[in-house]
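Chain and residue survey
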Amino acid sequence: GQQLNQSPQSMFIQEGEDVSMNCTSSSIFNTWLWYKQDPGEGPVLLIALYKAGELTSNGRLTAQFGITRKDSFLNISASIPSDVGIYFCAGNQAGTALIFGKGTTLSVSS
Amino acid sequence: DAGVTQSPTHLIKTRGQHVTLRCSPISGHKSVSWYQQVLGQGPQFIFQYYEKEERGRGNFPDRFSARQFPNYSSELNVNALLLGDSALYLCASSLSRAIIDTQYFGPGTRLTVL
């Protein structure tokens, strides 16, 4: 099935560092969502974006809906050990189901 | 309040068998969606049910079917299991049928097909 291009595939960072990941599509999307999945759990919604250019924060997390509507990025500032997990972007076109990226695995060393 | 619950947690089947997975949505949520998550991939949409009717279907064969009950709980059925059906099956519930409505995921059922 169709999937979004999410990068990087994995990241290994030190506690306190900032993190940036992005997601791109060949098609225009109406909605961009960012989820986090911990081992043995389902994805949890972090941030939802509904308009091109929208910039939204949730604590140390900031995400933006790209102007072209074909991309989105997620930044995490001052990472902490509990940020470890797999981050997924997801989006949808008009009237279609959510499409997920393959995920970015984040490892944080203290 | 309880979140989305799924049962069983883990399941082992052999090729050719069938399986039934169950999901109970958050109280008050009328929409249930099913996703398949293969190891190393993101979730892939299988079905959405709202008010007991199928409202969306992903690119999955007819071996996959689902239904939603009057209490909004749902079952996913997979017949003639293949090795490639091994995956984490996630259920998500939301208040309405709108795709942009926030979906809350359950912990999933880990299906292994031998």
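Quick caveat, the model's predicted, so the values are computed rather than measured. Within each chain, residues carry numbers counting from 1 in the order of the written sequence. Labels are handed out in written order, letters beginning with A for the chains and numbers beginning with 1 for the ligands. Given that this is a predicted model, residues contribute local features only at a pLDDT of at least 70 and side-chain atom pairs are listed and counted only at 80 or more, while totals for whole chains, interfaces and linings are drawn from all residues. Excluded from the side-chain calculation are hydrogens and water; included are all heavy atoms of the structure.

Concerning the layout of surface pockets
What counts, and what does not: Each cavity reported here is a set of points on a 1 Å grid over the protein atoms alone in which a 1.4 Å probe fits but cannot get out, each pocket an open set with protein on both sides within 12 Å along at least five of seven lines, and each lining residue one with an atom within 4 Å of a point. Grid points are joined across faces, edges and corners, and a volume is the space filled by probe spheres set on the points. Segments assigned H or I by DSSP are reported as helices when at least four residues long, segments assigned E as strands when at least two residues long, and all are numbered from the N terminus. Residue polarity follows a fixed list, in which Ala, Val, Leu, Ile, Met, Phe, Trp, Tyr, Cys and Pro are nonpolar, Asp, Glu, Lys and Arg are charged, and the others, Gly among them, are polar.
By volume, the largest pocket amounts to about 510 Å³. For the largest pocket, the lining is made up of 26 residues, of which Gln37 and Ile86 of chain A together with Gln37, Leu39 and Arg110 of chain B are closest to its centre. Those elements giving two or more residues to the lining of the largest pocket turn out to be strand S9 (85-92) and strand S11 (104-109) of chain A together with strand S11 (109-113) of chain B. The class makeup of the residues in the lining of the largest pocket is eight nonpolar, 14 polar and four charged.

Comments concerning the state of the cysteines
What is meant by a disulfide is a covalent connection between two cysteines, made through their sulfur atoms. Residues and elements named next belong to chain B. To keep things clear, this is the line we draw: Note on terminology: pairs of cysteine sulfur atoms within 2.5 Å are recorded as disulfides.
By the definition in use, this model includes two disulfides over all chains. Each sulfur in the disulfide pair cysteine 23 and cysteine 91 lies 1.8 Å from the other. Since a negative S-S torsion denotes a left-handed disulfide, the cysteine 23-cysteine 91 link at about -60° is left-handed. On the criterion of sequence distance, the pair formed by cysteine 23 in strand S3 (residues 19-24) and cysteine 91 in strand S9 (residues 87-94) is long-range, its members being 68 residues apart.

Section: the packing of aromatic side chains
Note the following rule: Each Phe, Tyr or Trp ring (for Trp, its six-membered ring) is paired with any other whose centre lies within 6.5 Å, and the angle between the two planes then decides the class: stacked below 30 degrees, edge-to-face above 60, tilted in between. Per-residue accessibility, obtained with a 1.4 Å probe over protein chains only, is compared with the maximum for each type, and a residue is labelled buried under 20%, exposed over 50%, and partly exposed between these values.
Counted according to the given criterion, the structure contains 10 aromatic pairs over all chains. Arranged with centres 5.1 Å apart and planes meeting at 35°, the rings of phenylalanine 29 of chain A and tryptophan 32 of chain A form a pair that is tilted. Taking the relative accessible area as the measure of exposure, tryptophan 32 of chain A reaches 0% and is therefore buried. Pairing tyrosine 35 of chain B with phenylalanine 45 of chain B gives two aromatic rings, centres 5.9 Å apart and planes at 70°, and the pair type is edge-to-face. Note that tyrosine 35 of chain B is positioned in strand S4 (residues 31-37) and phenylalanine 45 of chain B in strand S5 (residues 44-50), a separation of 10 residues in sequence. The class for tyrosine 35 of chain B is buried, based on a relative accessible area of 1%.

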